[in-house]
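# A structural walkthrough
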Amino acid sequence: MSASAGPEIERLISLLAKLPGLGPRSARRAALALLKRRDQLLEPLSAALGEAAARVSVCSACGSLDTRDPCSICADAARDASLICVVEEVGALWAMERTGAYRGRYHVLGGLLSALDGVGPEALRIGPLAARARDEPVKEVILALPATVDGQTTAHYLADRLAGTGVAVTMLARGVPVGGELDWLDDGTIAQALRARRPA
Ligand SMILES: [Zn+2]
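Residues numbered from 1 in each chain as written. Predicted model: local features only at pLDDT ≥ 70, side-chain atom pairs only at ≥ 80, totals over all residues. Heavy atoms only, no water.

To continue, consider the nonpolar core. Of all hydrophobic cores here, the largest spans 24 residues; its most connected members are Cys85, Val87, Met96, Tyr102, Tyr106, Leu172 and Leu182. Every element with two or more residues in this core is listed here: strand S3 (80-87), helix H4 (90-99), strand S4 (104-108) and helix H7 (187-195). Other than its neighbours up to four places away in sequence, Tyr102 contacts Arg79, Leu83, Ile84, Cys85, Met96, Glu97, Ile142 and Leu194. Grouped together as the second largest cluster of nonpolar side chains are 20 residues, Leu129, Val138, Ala159 and Val167 included. (Core = buried A, V, L, I, M, F, W, Y, C linked by side-chain atoms within 4.5 Å. Buried < 20%, exposed > 50% of the residue type's maximum accessible area, 1.4 Å probe, protein only. Helix = DSSP H or I, 4+ residues; strand = E, 2+ residues; numbered from the N terminus. Contact = heavy atoms within 4.5 Å.)

See the structure below:
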């Protein structure tokens, strides 16, 4: 791989290569596609990136991403404020929303507890979740976490942490395959797992 493309294009390629799913080879192909389709791709993408960088922020209530704070879900009076669905990342929130099966609110943890990676409760948005369970009219917290060791460790920790708040803590049913990340599942599987949730 030579650096014959010039420093600006090499910089574009090396930034694209940091995106999930893109290695150096596919980053090179993506950069070339962008540069060859200036009007249809490069300039609209550049404008969209600029807009996202300027306007998207983290919702101070739930941790989702939106151009407004509180986000459009937290601000939506038609959503059921008695339900909070806890997800690892925003991608899982989007997956839940795609099902159209859920009308409550969310809480994005920003990761999972992991002894191996040294991620403790203070590194995640767990304190704010406990505060919401206490201060908001919440009746049920649904743990929509992956069926991995870290996902289940986190679920059990949250169930303990929320015990005694009077809030029911439930988990998605195991239509979710072991090791399954929510955003890889089809919408029907997620919707079914949501309906068949059980006490945590
Ligand atoms: Zn929000």
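One face of the sheet, then the other: side chains in a regular strand alternate in exactly this way. Sheet analysis places strand S5 (residues 140-143) next to strand S6 (residues 168-171), joined by four bridges and oriented parallel. Of the residues in S6, the one forming a bridge with Val141 is Val169. Direction of pairing for S6 relative to strand S7 (residues 198-199): antiparallel, over a ladder of two bridges. The residue of S7 that forms the bridge with Met171 is Arg198. (Pairing = 2+ DSSP bridges.)

All right, on to the sheet that holds S4 then. The strand order across the open sheet built from five strands is S4-S3-S5-S6-S7, with neighbouring strands paired in mixed fashion. Strand pairing shows two members of the sheet lacking a second neighbour, S4 and S7, which therefore form its edges. Where S3 meets S5, four bridges bridge the pair, whose relative direction is parallel. Note that in S5 the partner of Ile84 across the bridge is Val141. This element, helix H6 (residues 149-162), spans S3, S5 and S6 of the sheet and lies at about 170° to S6. (Axes fitted to C-alpha atoms, helices over the stretch in contact; angles between N-to-C directions.)

It is worth spelling out the coordination of the zinc ion at this point. In an ideal tetrahedron of four donors about a metal, each angle is 109.5 degrees. In an ideal octahedron of six donors, the angles are 90 or 180 degrees. Around the zinc ion, the protein contributes the donor atoms Cys59 (SG), Cys62 (SG), Cys71 (SG) and Cys74 (SG), at 2.3 Å from the metal centre. Positions of the donor residues of the zinc ion along the chain correspond to the pattern C-x2-C-x8-C-x2-C. A residue pair is termed long-range when its members are at least 10 positions apart, and Cys59 in the loop between strand S1 (57-58) and strand S2 (65-66) and Cys74 in the loop between S2 and S3 qualify at 15 residues. With respect to burial, Cys59 and Cys74 carry one shared label: buried. (Donors = N, O, S within 2.8 Å, 3.2 Å for Na, K, Ca; no water.)

Our focus in this paragraph is helix H5 (residues 126-135). Along H5, the residues that are buried comprise Ile126, Leu129, Ala130, Arg132 and Ala133. Across the axial projection of H5, the buried residues extend over an arc of 160°, all falling on one side. Exposed residues pointing more than 90 degrees away from the buried face of H5 are listed as Arg134 and Asp135. Taken together, the buried residues of H5 touch S3, S4 and H6. (Arc of directions from axis to C-beta.)

The subject of this paragraph is the pairing of S5. Neither face of S5 is exposed, since Glu140 and Ile142 on one face and Val141 and Leu143 on the opposite face are all buried. The parallel pair S5 and S6, bridged by H6, forms a crossover whose chirality is right-handed. (Right-handed = clockwise from strand over helix to strand, strands pointing away.)

Right, let's talk about the packing of aromatic side chains for a bit. Pairs of aromatic rings are described using the distance from one ring centre to the other and the angle between the two planes. Inspection of every chain in the model, using the stated rule, returns one aromatic pair. Seen from their ring centres, Tyr102 and Tyr106 are 5.1 Å apart, and the 65° between their planes marks the pair as edge-to-face. (Phe/Tyr/Trp six-rings, centres within 6.5 Å; stacked < 30°, edge-to-face > 60°.)

Turning next to a nonpolar patch on the surface. A surface patch of nonpolar side chains, about 230 Å² in accessible area, is lined by Val56, Val58 and Leu65. Here Val58 is to be found in strand S1. (Patch = residues over 30% accessible without salt bridge, like charges linked within 9 Å, V, L, I, M, F, W, Y side chains within 5 Å. Areas by Shrake-Rupley, 256 points an atom, 1.4 Å probe, with all protein chains shown as cover. Salt bridge = Lys/Arg side-chain N within 4 Å of Asp/Glu carboxyl O.)

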